[in-house]
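# Coordinates in review
Here are the chains, one letter per residue:
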Amino acid sequence: MKNKAFSKHNLAFSIISVVLVLILVFSIVVSLIGYDTFTSNMNMIYHDKANDVAYEAITKVNANHIEQYLKNGEGDAEWQESNMQLQTLCNNMDVDMIYIISVDAADYNSYTTVFHVVQEDSDKYSPVALGQKDKITNDSFKKDYKLLYTDDNIGSTTLLGAADVITAIHPLKDDSGKITALLCVQVPMTNMGYRIDFLKRVAIFAVILVALAIIIFSRYIRKKVVNPIRTVSDEALRFSKENKKGEALGEISKINEISSLSRSIDEMEDEMLEYIDNLTAATAEKERIGAELSIAAKIQMNAVPNTFPAFPDRTDFDIYASMTPAKEVGGDFYNYFLIDDDHLALVIADVSGKGIPAALFMMVTNNLITETTHKGGTPADILKYVNETVCAKNEAGMFVTVWLGILELSTGKITACNAGHDFPALCRKDGCFELVKAPHDIAVGAMEGLPFDNYEIQINKGDKLFLYTDGLPEAANESDEMLTLDGMLDVINRYKNETPKDILLGINNSVNDFVGGAPQFDDLTMLCIELKGTDTEG
């Protein structure tokens, strides 16, 4: 069995690993920063040294006599004096070499040596004779030579060589300001080698620090952190399995966070047990409410006619309706009933709001309309009476849009009243569904004392009338795009030649396809009737 203390998933192992990684990262960062800082500082020191020597060397040479030196050669007394002073300066200042060259300003591809002295004990470099011509093969030097000759704003430049050397280059100008030669001082960057020693010391320091961290942290963390946390973890695991109160953990550590964690576990157990008791009670209450809503939904569905065929012994018309609430219960309703053998009442309505309040308001309004219609009168008279009755005791401020029509089956004439509801759609035989637009009256329950008006629709044998609530044109998909009235008509006309039942079933399937996974926000109620028994023309 693998020792738990050395498991890679053990807390102590994880913490120590993180600490070690941090130490290593810290060491690497310190090394890089130190290396870069050391390099920058040394470059600056050597840069200053090279320029200081260059400034001193400039004073040893007469820039006005460069051509004279090249013409007279090493026998020139003044050249010999300057060369000796440059040699002394080179030896005293510990530089690799000091040289003065005259660059061919025509193409900057060659130069002629005027002075060239090297350290007397140097085994790397040898002096170059006065007047010797050489090619410039270093592109970086060639570029800087050209800039010094052509740009008055550049007084000097410094170049870093590949072999840890730095070269300061200064122009020599005669009394007229013309550049006659370039003075170069090459300084060896001998102390750069100490960078490697620095990195070695950092590496040794990191190894020692890692070893100390392993010893100290493994003991301290296991005792002060890991063991207390393991105690807390074991208690939490025990409680999750048993769901029973255990012994209080109390103050198991002097570390505030761990001590706070142990107290939190104790409090969590108490609160969890209380929560379980409350959840049990809430679940029972939710189940009771769910059962009551289910019963309410059945009551609501039974409040409207839902047995089809609706009138099996009548062959002069065919009717079908459906109601799909957005919640368990809704505020839409439809109704149809025979007032007498020749008159069929058609009702479709939409109550403001959703849920149980809308369902209760729906049932009251439906009963009022049904009872009042049986007593006689036109749809306008019926809705006027229902409106006054509802407004008299409407403290909730709810209202309902209603379309009420009375169909005279023998003639096909429909006398209708529209109280703020959507326009019905009519499909003539061999035609298409189109909206039947007529003036709206105010919704029932909105305001007392307002008049309601009738209008007529004539339907003939083979014609179909479609009624609906706004849940159909306002059905929205996952992109919040609505079906709209035009889209609704397109859907209805796909099934215009079907029976009323198949029309509603087809519409419902098409709407479900359009909506997709989007939630239903409004009730969806539809009613369709086809007249079969009259030959009256409109």
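Residues numbered from 1 in each chain as written. Predicted model: local features only at pLDDT ≥ 70, side-chain atom pairs only at ≥ 80, totals over all residues. Heavy atoms only, no water.

### A short note on helix 8 (residues 379–392)
Taking 1.5 Å of rise per residue, 14 residues should cover 20 Å, and helix 8 covers 20 Å from first to last C-alpha, within 8% of that figure. Taken together, the buried positions of helix 8 are occupied by Pro379, Ala380, Ile382, Leu383, Val386, Asn387, Val390 and Cys391. In an axial view of helix 8, the angular spread of the buried residues amounts to 155°, which keeps them on one side of the axis. Buried positions along helix 8 lie against helix 7 (355–375), strand 10 (400–408) and strand 11 (413–419). (Helix = DSSP H or I, 4+ residues; strand = E, 2+ residues; numbered from the N terminus. Expected span 1.5 Å × (residues − 1). Buried < 20%, exposed > 50% of the residue type's maximum accessible area, 1.4 Å probe, protein only. Arc of directions from axis to C-beta. Contact = heavy atoms within 4.5 Å.)

### Here we look at the layout of surface pockets
Each pocket or cavity is described by its volume, and for the second largest pocket that value is around 310 Å³. Ala475, Val515, Gln520, Phe521 and Asp522 are the residues nearest the centre of the second largest pocket, which is lined by 15 residues in total. The element best represented in the lining of the second largest pocket is helix 10 (residues 500–515), accounting for four residues. Residues belonging to the lining of the second largest pocket are distributed by class as follows: eight nonpolar, five polar and two charged. (1 Å grid on protein atoms, 1.4 Å probe; cavity = no way out; pocket = protein on both sides within 12 Å on 5 of 7 lines; lining within 4 Å. Points joined across faces, edges and corners; volume = space filled by probe spheres on them. Nonpolar A, V, L, I, M, F, W, Y, C, P; charged D, E, K, R; others polar.)

### Examining the sheet that holds strand 15 (residues 464–468)
The five strands lie next to each other as 7-16-15-12-13, forming an open sheet whose pairing is antiparallel. At either end of the open sheet lies a strand with only one pairing partner, and these are strand 7 (317–324) and strand 13 (433–435). The sheet shows a mean angle of 20° between the axes of neighbouring strands, direction not considered. Helix-sheet contacts for helix 9 (residues 484–494) involve strand 12 (425–427), strand 13 and strand 15, and the interaxial angle to strand 13 is about 155°. Sheet strands in contact with helix 10 are strand 7, strand 13, strand 15 and strand 16 (524–531), and its direction is about 150° off that of strand 16. (Pairing = 2+ DSSP bridges. Axes fitted to C-alpha atoms, helices over the stretch in contact; angles between N-to-C directions.)

### What about the sheet that holds strand 14 (residues 455–458)?
The five strands lie next to each other as 8-9-10-11-14, forming an open sheet whose pairing is antiparallel. The open sheet has two edge strands, strand 8 (332–340) and strand 14, and neither has a second partner. Direction aside, neighbouring strands of the sheet carry axes that sit 20° apart on average. Where strand 9 (residues 343–351) lies against strand 10, nine bridges are found, and the strand directions are antiparallel. Residue pairing in the sheet places leucine 346 in a bridge with glycine 405 of strand 10. Its contacts with the sheet put helix 7 on strand 8, strand 9 and strand 10, and the angle it makes with strand 8 is roughly 15°.

### Describing the side chain of glutamate 530
Here glutamate 530 is to be found in strand 16. One buried charged side chain, glutamate 530, makes no salt bridge at all; its nearest oppositely charged neighbour is lysine 464, positioned 4.1 Å away. (Lys, Arg positive; Asp, Glu negative; His and termini not counted. Salt bridge = Lys/Arg side-chain N within 4 Å of Asp/Glu carboxyl O.)

### Quick notes on a nonpolar patch on the surface
The grouping of Ile204, Ile208, Leu212, Ile214, Ile215 and Ile216 at the surface amounts to a nonpolar patch, some 560 Å² of accessible area in total. Take isoleucine 208: its relative accessible area is 49%, and that puts it in the partly exposed class. (Patch = residues over 30% accessible without salt bridge, like charges linked within 9 Å, V, L, I, M, F, W, Y side chains within 5 Å. Areas by Shrake-Rupley, 256 points an atom, 1.4 Å probe, with all protein chains shown as cover.)

### Some details on the nonpolar core
The biggest cluster of nonpolar side chains holds 50 residues, and the ones touching the most others in it are Leu346, Leu383, Val402 and Trp403. Core analysis: the next-biggest nonpolar cluster, separate from the first, contains 29 residues, Tyr46, Leu86, Val114 and Ala181 among them. (Core = buried A, V, L, I, M, F, W, Y, C linked by side-chain atoms within 4.5 Å.)

### Considering the packing of aromatic side chains
Applying the stated criterion across every chain, the model contains 11 aromatic pairs. Aromatic pair tryptophan 79 and phenylalanine 115: ring centres 5.5 Å apart, planes at 10°, arrangement stacked. Of this pair, tryptophan 79 sits in helix 3 (residues 77–92) while phenylalanine 115 is found in strand 2 (residues 110–118), placing the two residues 36 residues apart along the sequence. Each member of the pair, tryptophan 79 as well as phenylalanine 115, carries the same accessibility label: buried. Seen from their ring centres, phenylalanine 308 and tyrosine 320 are 4.3 Å apart, and the 40° between their planes marks the pair as tilted. Here phenylalanine 308 is found in the loop between helix 6 (256–302) and strand 7, whereas its partner tyrosine 320 is found in strand 7, with 12 residues between them in sequence. Among the residues examined, phenylalanine 308 registers a relative accessible area of 27% and is labelled partly exposed. (Phe/Tyr/Trp six-rings, centres within 6.5 Å; stacked < 30°, edge-to-face > 60°.)

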